[in-house]
Every structure is written in structure tokens, then in C-alpha cells.
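Listed below, chain by chain, are the residues.
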Amino acid sequence: MPEGRQVTGEPDKLYERLKAFEGRAAATAGTGKDLVNEPMIRHWCEAMGDTNPAYSGPEAIAPPTMLQAWTMGGLSGHTDRSAAYEELFGLLDGAGYTSVVATDCEQEYLRPLRPGDRITFDAVIESVSERKTTKLGTGYFVTTRMDVRADGVRAGTHRFRILKYTPAAPRRTGPERAARGEGRSLRPRPVINRDNAGFWQGVAEHRLLIQRCGDCAMLRFPWLPGCNACGCQEWDTVEASGEGTVFSHVVMHHLPFPAFGADGAGGPYAVALIELAEGVRMVSNVIGVPYDKVRTGMPVRLEFLRTDPDLELPVFRGGEG
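Here the structure is a predicted model, which means the values were calculated and not measured.

Scoring rules and cut-offs
Residues numbered from 1 in each chain as written. Predicted model: local features only at pLDDT ≥ 70, side-chain atom pairs only at ≥ 80, totals over all residues. Heavy atoms only, no water. Core = buried A, V, L, I, M, F, W, Y, C linked by side-chain atoms within 4.5 Å. Buried < 20%, exposed > 50% of the residue type's maximum accessible area, 1.4 Å probe, protein only. Helix = DSSP H or I, 4+ residues; strand = E, 2+ residues; numbered from the N terminus. Contact = heavy atoms within 4.5 Å. Phe/Tyr/Trp six-rings, centres within 6.5 Å; stacked < 30°, edge-to-face > 60°. Polar contact = N/O pair within 3.5 Å; in protein donor to acceptor, adjacent residues only side chain to side chain.

Caption draft 1: Looking closely at the nonpolar core. If you look at the biggest cluster of nonpolar residues, it comprises 36 residues, and the most contacted ones within it are L18, I41, W70, L88, L92, L113 and Y140. Elements that contribute at least two residues to this core include exactly α1 (13–19), β2 (25–31), α2 (38–48), α3 (83–94), β4 (119–128), β6 (137–150) and β7 (153–167). If you tally residues by element for this core, the top one is α3, at six residues. In contact with L18, not counting residues within four places along its chain, are L88, L91, L92, V128 and Y140.

Caption draft 2: Just the environment of A259, in detail. Positionally, A259 belongs in the loop between β11 (243–252) and β12 (269–276). Take A259: its relative accessible area is 15%, and that puts it in the buried class. Along the chain, A259 and R187 lie 72 residues apart, while their C-alpha atoms are 5.4 Å from each other. Apart from residues lying up to four places away in sequence, A259 is in contact with S185, L186 and R187.

Caption draft 3: Molecular detail of the packing of aromatic side chains. Taken as a whole, this structure holds six aromatic pairs when the rule is applied. Ring geometry for Y85 against F89: centres 4.6 Å apart, planes inclined by 35°, an arrangement best described as tilted. Residue Y85 and its partner F89 are both found in helix α3; the two are separated by four residues, about one turn of the helix. The pair formed by Y85 and F89 is uniform in burial state, with each residue classed as buried. For the pair F199 and F221, a centre-to-centre distance of 5.4 Å together with 65° between the ring planes defines the contact as edge-to-face.

Caption draft 4: Looking closely at unusual backbone geometry. The step from F221 to P222 runs through a cis peptide bond, and the omega angle for that step is 5°. A positive phi is found at A29, a non-glycine position, where the angle reads about 55°. Checked against the element boundaries, A29 lands in strand β2. Phi at H206 is positive, roughly 60°, even though this residue is not glycine. Turning to its location among the elements, H206 is positioned in the loop between α5 (197–204) and β8 (209–213). Take H206: its relative accessible area is 42%, and that puts it in the partly exposed class.

Caption draft 5: Quick peek at the side chain of Q211. Along the polypeptide, Q211 turns up in strand β8. When its relative accessible area of 0% is taken as the criterion, Q211 is described as buried. At 2.7 Å, the side chain of Q211 forms a polar contact with the backbone nitrogen of L224.

The structure is reproduced here in C-alpha cells:
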């Protein structure tokens, strides 16, 4: 979530208008496009790598974090948004705050959802922040609260927060900064927290570590605080051999970002889902072969790439099968 600081100075007349939308409906009597169903639960669990037995079989429930999924409009869009919601975002767009980024969500679960449940919901514009300046730009945080029901019974609450903003102007690099190397393009820094700090410590030691459940011994990646299979929160690690194959891949063409190109040109470059010999998968770059020669099933070998003085990343060098 972008960190924001309040903009001070002249009174913000736009904010006074935006504030008036708090408490107004964002959606009324919305209905999920599909009943809670087993295929969507299965697809979700496969995508998330969640093998919890509670989500399959005759007594299956839906993963609680799917709460919002049953309310989404899909490719055909939403038909239940209120006039107040459209007016609020029209005001922001008209004032130049046309960019949007989702920042965070909060969910509360009141009862499990099961296949066959009909989902209905109401949503309200809960809050609009004062104008804030973030690293992305200046804008307003808008929070909506959705109350979700299953067959008329409250099942949970979903709060969703976005930032509507005007992008910050790109920073210019002066000759003096360029001479000192301060203006070079850098890759984004990884987010390191208490759940994955051990992984990044391993990378610093040129070791690719995989979590292993302390109860069922299931290997998992990426790192998580608990086991997907049995829920155990005890774990240790095993070091990957470094051998793997390309499970799937994409080629990034636009927009070119120099920090991602070995020659500084910024691309195109290959991003792959690597299946490690240990059976888990991870996303990384494939190097050592032209981007258009990367293929599913290609054998790869782990390397550690220093992208700048402060960042080293695990990547995979492609080879011939």
C-alpha cells in the first residue's frame, strides 16, 4: 500500500465535495453472477496451491478469502453500481485524478460459504481521505464496504481501498548525479517481512531455501506462515538443488525498463514459472538464451544475479534439453 502524507496549504474544495459521498450506497441489492460452485473453488485452490481438504468433497466449503470473488462483475462488468458511486469517480476523473491503484482490503468472515449458496450484497462508500501525496502521486484514498449475504444470511464483510491519483512527474537526473551513478535505473526492491525474511537471508548466502512443514513434511513455495495442506505453523527448510525446468513463460515487451535488461536496453526478456526438481514452482527470469528461444520443458539451472550493489536475485540459466 502506498504510504501517504497529507497535503497542506489552501482549503481543499474538492475534498469537501468528495466527503459528502461518505455513507452513500455504492451498490444496492447486488447479486453474484453464479452460485457458489465447486469448479470455481477448485480453480482458486489450484491457482493458490491450497490443498486444504476442507475445500473438496461432499462437505466442501469455499476458501474464506474467495469472499469477494462471488461478487465480482467479470469481463462483462458491473451492472449494480449506484449513481452516487459513478458520480464520485466522475468528480475525481474530472479533477485530473484519473489513475487508480488498489491498495489493500480487509475481510471479516461470519459463516462458511458452500456450493449452491446464492450470494447477494450491498456496498457503501465508507470513507474518502483528505488529499494525500504518495510515491505514486497525489490523490485520494476511497474505501468501500461490502456486506455479503448467502441465501439472505450475512456471511462476511469486505472493505476495499483504492487510491485515485495524478501520477507524480518522473524524476530527472542531473549530470552530477549521473556522474556519481545515482541516476541509474534500479529494479524494484523486494518486500521483506517476518514471513519471508529467511528466504532472502538464504539468497544472500547463495542458497535457495524451500519451506518444509514440520507435521506433514509438505514442501511449499512461496514462503507462507502455515502449511496449505494441514495448517501446521511449524516448519524448517530444505535447500533446493538448483535444477529445474520451465513450466510456463511469458515474454515482456513493453514498457521497456532498463534495469531488467542485461545490456541496459530493458527488454524484451523472459519471465518463467520454474518447476524445481523438488516439485515446487517459483517465478523468475530466464537468462543465457534469447528470449524467443525459451520453451516449456527447457532445463534450467539456478544462478544468483547481482543487479546493483544492494540487490541480488535468484535467476535461472537456460540450456538445451
